[in-house]
Amino acid sequence: MSTRILIADDQEDVRIGFRLILDSQPDMTVVGEAADGRAAVDLARHLRPDVVLADIRMPKLDGLEVTRLLAGQTRVIVVTTFDLDEYVHAALRNGACGFLLKRSGPALLIEAVRAAMAGDTLISPQVTVRLLAHLRVPAAPSALTEPLTERELEITRLVAHGRTNAEIAAELFIGPSTVKTHVANVQRKLGAANRVGIAAWAWSRGAVTGS
């Protein structure tokens, strides 16, 4: 079944670009567009899409308020030009299933939609790395019930640096499906809900070095 998506952005060229990217995927369909926040909420309640992509700065209602009003009814991914920590915190607090920078590129946009449908949360790597590097996250237990393998540790460090599955696969010369399996195993062993949880564990344990 195709994932139904609503795009909310006050810039027409952005809406067109996102539609072209998402409609090119066999499992995704853009069912509507909105040029302001109020229209986004009304359309979402009428069309009942699976995922709403919401810009932060829109007329009538901003993306943060759109997220607050729609969270629980549909999955909302905030997509913005503005790389501000306060926006990230507010979006996630309001129930967003993802936070992307518009410059993140088509691959991450598609990955974020799929992550949201899987019940995961995807945050732009640039944002994740900066936030986790400065947050004082609680340290995980020193001894895991099931320790990570060397390959899993390697992938954990790359996730903490914000690499996508495709980038990890290319860097380690392994298949994307293999990376996906390793990431799933790491999440299980750490008890992490998503990639952000993996990254938080890595930063808290001092497992992240280099770039």
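In the block above lies the structure referred to throughout.
A. Structural detail: the overall build of the protein chain. Secondary structure assignment for the protein chain yields ten helices and six strands. Taken over 211 residues, the protein chain has a buried fraction of 47%. Residue pairs at least 24 apart in sequence account for 63% of intrachain contacts in the protein chain once pairs closer than 6 positions are excluded. Accessible surface for the protein chain amounts to roughly 10300 Å². Of this, 53% is attributable to carbon and sulfur atoms.

B. Expanded view of the pattern of salt bridges. Taken as a whole and assessed by the stated rule, the structure comprises eleven salt bridges. D23 is the salt-bridge partner of R19, the closest N and O atoms lying 3.5 Å from each other. Taken together, the residues R19 and D23, both in helix 1 (residues 12-23) and four residues apart, mark about one turn of the helix. Between D27 and R114 there is a salt bridge, and its shortest N-O distance comes to 2.9 Å. Here D27, found in the loop between helix 1 and strand 2 (28-34), pairs with R114, found in helix 5 (residues 106-117); they are 87 residues apart in sequence, far enough to count as distant. Several salt bridges converge on common partners, so that one network encompasses R15, R19, D23 and E33.

C. Local environment of the side chain of D36. Its location among the elements puts D36 in the loop between strand 2 and helix 2 (37-47). Residue D36 is classed as buried on the basis of its relative accessible area, which comes to 14%. A polar contact of 3.0 Å, which involves the side chain of D36, links it to the backbone nitrogen of R38. When near neighbours in sequence (up to four residues on either side) are disregarded, D36 contacts M58, P59 and K60.

D. Quick peek at the layout of surface pockets. Roughly 560 Å³ of internal volume is contained in the largest pocket. E111, R114, N165, K180 and R195 are, among the 19 residues lining the largest pocket, the residues nearest its centre. Counting only elements with at least two residues in the lining of the largest pocket, the list comes to helix 5, helix 8 (165-172) and helix 9 (176-190). When the residues that make up the lining of the largest pocket are grouped by side-chain class, the tally is ten nonpolar, four polar and five charged.

E. Spotlight on the sheet that holds strand 2. The sheet built from six strands is open, its strands ordered 2-1-3-4-5-6 with parallel pairing. Of all the strands in the sheet, just strand 2 and strand 6 (122-123) have a single pairing partner and so form its edges. For strand 1 (residues 3-8) and strand 2, the ladder comprises six bridges, and the chain directions are parallel. Within strand 2, the position partnered with T3 by the bridge is M28. Most of the contacts of helix 1 go to strand 2, to which it runs at about 165 degrees, and overall it touches strand 1, strand 2, strand 3 (51-54) and strand 4 (75-80). In the packing of helix 5 onto the sheet, the strands contacted are strand 1, strand 2, strand 3, strand 4, strand 5 (98-101) and strand 6, and the crossing angle to strand 4 comes to about 160 degrees.

F. Structural detail: the packing of helix 8 against helix 9. Across the interface, helix 8 lies against helix 9 with an axial gap of 8 Å and an inter-helix angle of 110 degrees. By the angle class used here, helix 8 and helix 9 are roughly perpendicular. In this structure, helix 8 meets helix 9 at a crossing whose hand is right-handed. The residues of helix 9 that touch helix 8, namely those facing N165, I168 and A169, are P176, V179, K180 and V183. Across the contact of helix 8 with helix 9, the residue classes tally to five nonpolar, one polar and one charged.

Conventions adopted
Residues numbered from 1 in each chain as written. Predicted model: local features only at pLDDT ≥ 70, side-chain atom pairs only at ≥ 80, totals over all residues. Heavy atoms only, no water. Helix = DSSP H or I, 4+ residues; strand = E, 2+ residues; numbered from the N terminus. Buried < 20%, exposed > 50% of the residue type's maximum accessible area, 1.4 Å probe, protein only. Contact = heavy atoms within 4.5 Å. Areas by Shrake-Rupley, 256 points an atom, 1.4 Å probe, with all protein chains shown as cover. Salt bridge = Lys/Arg side-chain N within 4 Å of Asp/Glu carboxyl O. Polar contact = N/O pair within 3.5 Å; in protein donor to acceptor, adjacent residues only side chain to side chain. 1 Å grid on protein atoms, 1.4 Å probe; cavity = no way out; pocket = protein on both sides within 12 Å on 5 of 7 lines; lining within 4 Å. Points joined across faces, edges and corners; volume = space filled by probe spheres on them. Nonpolar A, V, L, I, M, F, W, Y, C, P; charged D, E, K, R; others polar. Pairing = 2+ DSSP bridges. Axes fitted to C-alpha atoms, helices over the stretch in contact; angles between N-to-C directions. Parallel < 35°, antiparallel > 145°, perpendicular 65-115°, else oblique. Left-handed = near helix turned anticlockwise from the far one by under 90°.

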